[in-house]
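Remarks on the overall topology
This is what each chain is made of:
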Amino acid sequence: MRPHLSIRALILAAGLLATPLAAQTALIAPTPWTVGASEGVASKASGGETARLDYGFKGAGYAFIVHELDFAAPDNFVIEIPVKGEGAGNDLQIKFTDASGDNVWWVTRPAFVPTPQGTVLRIRPRHIEFAWGTTKDRTFRGGKRMEVVVVKTARGAASGWLGVGPIRWRAEAPEPKTEALLKADVKAALDGDARTGTPATSVTLDLSRVRAFGGLKLDWGRVPARYSLAVSDDGRSFRELRTVAGSDGGTDYVTLGEVDARYVRVSGQGQLNEAALLPLVMGLKPNALLTELARTAPRGDYPRGFTEQAYWTVVGVAHGGPRAALLSEDGAVELGPERPSLMPVLKVGGKRLTWAQATVTQGMDAERLPLPTVEWQGEGVQMRVAPLAFGEGKAPYALVRYEVSSDTAQTVRLELHVQPMQVNPPTQFLTRPGGYAPIRRLSRDGDTVSVDDQPLWLLTPPKDFTAAGFLSGPQGASASDTDGLASGVIGYDLNLTPGVAQSVIVAFPLGGQTARPVITGDAAKWAEAQAESVRADWHQRLGDTRLVLPAGAPPIADSARLALAYQLILLDGDWLKPGARSYDRSWIRDGAMMSEGLLRMGLHKEALAYFKAYAPMSFETGKVPCCVDARGADPTPENDSNGQLPWLAGELIRFGVSPAEIAPYWPQVSGAIAYQEGLRQANLTAQTEARYRGLMPPSISHEGYSDKAAYSYWDNFWALKGYRGAAVTARALGKTAEAERFSAQGEAFARDLKASILATAAHYGQAVVAGAADRGDFDPTSTTMGLTSGAHTDDVPEALKRQTFEFYWADILMRRRQTPNSYTPYELRNVGAFLRLKQPERARQALDMFFADQAPRAWFQWGEVVTVPYRQPLFIGDLPHGWVESDYLRVALDLFAYERAETAQMVLLSGYDPKWADKGETRLERLRTPWGPLSLTINKAGSGLKINIDSDAPPSGGYVIDVPSLMGRDVRARVGGQPMALRDGELIIKTAKAEIILGDGL
């Protein structure tokens, strides 16, 4: 009898590929190749239609060959690029640029492996993606320039060669639209014969035309023990793509990579009920397959991040950087960077409890040490997930304690599911992409589960363990999976009595090591000893600078303490980094601003070590690289970096670091200024337009200008800080002539910068400071750098400055309050601008709005992006994001004390709310300043305030309290019991210690 068979095309989109219109091809390269490379990369090219690129890398960078062309892309085409060479593991990029030169499309082949024998890359429209540019139409329509680029990767060859060409292309019939695919005639033919009783051993699917697809979804009535998949263009000659052995039955999602074929043959003794094509993306990207599986599975079976926005935090040690685990808001623990995760599941009285069925909350250590937890409640059962990282930064470990209790006496099953998925969700795509984390082999041997090459130590022995393959299902104590989708379940049966928690403890390495930590005695006691040791270590590392606010005040102090701790966790050895996953690189812009916060918190050692690590990465020209990673220094010109390194050198000296520590790096500091001055001089010609005169040239250092380099004021505010920082450094090193020269260059630059800001406002008819001189855009988060971090009060024209932040308040913050939208918490730094504009109420209201967007709020952290709606899955950067955390830490300190650079004063309590005094005492303990440690206490005194200042020495310009901003007008002051007059509303104290009483009845 003929088996039941219903064949349909999967409704998920899959492109079609028709047969060629003609066999003739045309050369795509009408002009000779030329060669180029980034700074520090050696390259040369030879040849005509067939070119050879020879390259050598000292660190990061790229080499390329390029030619002009005139390619108008038809609706469908194939470009054939013969390539051969030596030098495996670097990225290969094929770029097309339009006639404007502003818009770029590309094809990328990560970790490309060329061979001397060669291969042919076939590029179709579906392979070409928009890279960057200003156009709103991102459809590839051809190009006027083509580049073949070799980009250095961390593991790629340092030298090699690449042969390219001759490059040909041909037009093909247009691919049908999605509607045509859904209506396509799909026929099935079986090789059995029902009349003679011959059983069918294969099914051949006729897809009616050549189609592009990524695999098959097969619904089995009776699954064969083994089956194979083959494809053909003509129905006669088949090529086998994959064999599946030991399928678990039911529905199989079989991925095949990128396939173009008309016929598909499924061969095997079984009963196939239904077949569907998987779209290309599922064959090429495991995350697409996992997302589809999660979408169709019961909620809670897969991590939240595959269907909606998920949030997480780091679990790491100081200086561990990317060697940190991640804890999801739902209690999953990631076993390290790009590693699988453990997800708990409870079984209570026959009911299965996942994160989706439980009530899940997050918690943080009461002393605000970076020790996060997740708690579940449901069906009368409670579970607490408490991960902990310990050990040295280069080779840390983690342990996780699962504490389960019950309201009644019962047996509860705890399952720890080993999943081939990260906590870092699939929407995260930079540096260390999230989502899929392959497990190709999973096995248990005694109290160790091996997850490929990583051990997972079961310090609490389980009742059972089962490993499974993706298609093969449960296999016992071990499983292998070529798709990298093996999984496992570690099972514990817990006999619970009311009020008594039972613990399950597991541990694993985070730094690539496999040696087991020494565990003495009872595992629970050992784990508790580790916890106490970690707590003591964090107390020491966070130093003696501390902000303490009374209960009931906003979470300013809690967030500040954790902001510092998070930055120390993200610190990779000596390298300050903004993230443990997406932003696992070190940018000097991030590092300089993070170092400012570290210096103010007394962590001079960490800031100095970062400077010493980064400075030697400068290029021979003096240019400071924008960022550094495992490949080395990035050659991309971003013109803020040349000011940031010298500024940091000056800050280190001003905060008490010995000039002798900076002296060996004087060539890099002075070289950066010389390079920067050369850029400035190039824009001082008679032909230079007024708004560009004396500025740094266009760059993409500002993230908003990645489409096209711009005359960013962000760059120029940092250039000005660089001149001033270099002058401080030169003076401290006894280099008087250089100090005078840098000061003169800096003040000339300051005048040109201020004139440019005014000229740009006039050019665009604006009353605000533009983000870039050639765009006239609005970007107060960039403008803030002209007011903070050592800026002088008159660096930015006063009227434009005030109107900029008036517009930001009214048209961005207040409008967002009414109609929430996605934004970046880099805006936290604007709080510092409000303080300097003497608008403390706005500063506090803005902070309250930012606090509401901490995710989750119990962990006191921000990502790079706040998404609205809250569960809309988008890229949000690392959680926590170190640069955002540094922005917050600086403004949190600014609320209580910030420097007024040009008058050498410390402005106190500019953001303090007198209502907090009703709740209790506020203390700022041993804040570091350029004049030494400063401590403040603030208490209620009658209807006013009592403020105590305790320092080693006052600033030369004194301590300043803006009394009207703090307490209102008609408030009087006593210092040391004596009346004190105000100067333009400001109280100025020039003693190291003082008791100040502010009130209206004095």
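Let me begin by describing the structure that accompanies this report. (Residues numbered from 1 in each chain as written. Predicted model: local features only at pLDDT ≥ 70, side-chain atom pairs only at ≥ 80, totals over all residues. Heavy atoms only, no water.)

Across the sheet, seven strands lie side by side as β39-β45-β46-β47-β52-β49-β50; this open sheet has antiparallel pairing. Where the open sheet ends on each side, the last strands, each with one partner, are β39 (546-548) and β50 (978-980). Put simply, the sheet's adjacent strands are angled 25° from each other on average, direction ignored. Pairing analysis gives three bridges linking β39 to strand β45 (residues 922-929), with the strands arranged antiparallel. By the bridge assignment, V548 is partnered in β45 with R923. (Pairing = 2+ DSSP bridges. Helix = DSSP H or I, 4+ residues; strand = E, 2+ residues; numbered from the N terminus. Axes fitted to C-alpha atoms, helices over the stretch in contact; angles between N-to-C directions.)

Of all hydrophobic cores here, the largest spans 218 residues; its most connected members are Y402 and Y888. The greatest single-element share of this core, amounting to 11 residues, is contributed by helix α5 (residues 556-570). Judged by nonpolar contacts, the second largest core, of 33 residues, contains I28, A73, I81 and V164. (Core = buried A, V, L, I, M, F, W, Y, C linked by side-chain atoms within 4.5 Å. Buried < 20%, exposed > 50% of the residue type's maximum accessible area, 1.4 Å probe, protein only.)

Another point: the packing of aromatic side chains. Per the counting criterion, the structure on display carries 41 aromatic pairs. Taken together, a centroid distance of 4.9 Å and an interplanar angle of 50° make the contact between W220 and Y227 tilted. There is no split in this pair, since W220 and Y227 are both buried. An angle of 75° between the planes, with centres 6.2 Å apart, marks the rings of F805 and F834 as edge-to-face. (Phe/Tyr/Trp six-rings, centres within 6.5 Å; stacked < 30°, edge-to-face > 60°.)

Mapped onto the elements, N424 comes out in the loop between β30 (410-419) and β31 (441-445). The exposure class of N424 is buried, given its relative accessible area of 1%. At a separation of 3.4 Å, a polar atom in the side chain of N424 contacts the main-chain carbonyl oxygen of R432. Ignoring anything within four residues of it in the chain, the contact list for N424 reads W312, L326, E334, R432, P433, G434, G435 and R581. (Polar contact = N/O pair within 3.5 Å; in protein donor to acceptor, adjacent residues only side chain to side chain. Contact = heavy atoms within 4.5 Å.)

If you check helix α6 (residues 588-600), its first and last C-alpha atoms are 18 Å apart, about what 13 residues at 1.5 Å a residue would give, namely 18 Å. For α6, a buried count of 13 out of 13 residues is recorded, marking the element as mostly surrounded by other parts of the structure. The positive-phi residue at the C-terminal boundary of α6 is G602, with phi of around 85°. (Expected span 1.5 Å × (residues − 1).)

Another point: the pattern of salt bridges. Per the stated rule, a full pass over the model turns up 83 salt bridges. One salt bridge connects D894 with R600, and the closest N-O pair in it is separated by 2.8 Å. Of this pair, D894 sits in helix α17 (residues 882-894) while R600 sits in helix α6, and the two are 294 residues apart along the sequence. On the basis of relative accessibility, which here comes to 4%, the residue D894 falls in the buried class. With its nearest N and O atoms 2.9 Å apart, the salt bridge here joins D707 to R775. With D707 in the loop between α10 (666-682) and α11 (713-732) and R775 in the loop between α12 (736-764) and α13 (780-783), this pair connects stretches of sequence that are 68 residues apart. Relative accessible area serves as the criterion here: at 21%, D707 is assigned to the partly exposed category. Here R775 falls in the partly exposed class, since its relative accessible area comes to 27%. Here the residues in one salt-bridge network are E596, R600, R829, R836, D887, R890 and D894, joined through shared partners. (Salt bridge = Lys/Arg side-chain N within 4 Å of Asp/Glu carboxyl O.)

Once that is clear, we can look at the pairing of strand β52 (residues 993-999). Within β52, five of the seven residues are buried, which leaves the element mostly enclosed by the surrounding structure. Alignment of strand β47 (residues 944-951) against β52, held across six bridges, turns out to be antiparallel. Bridge pairing links K946 to I997 in β52. Across four bridges, strand β49 (residues 972-975) lies against β52 in antiparallel orientation. By the bridge assignment for β52, R972 is matched with G999.

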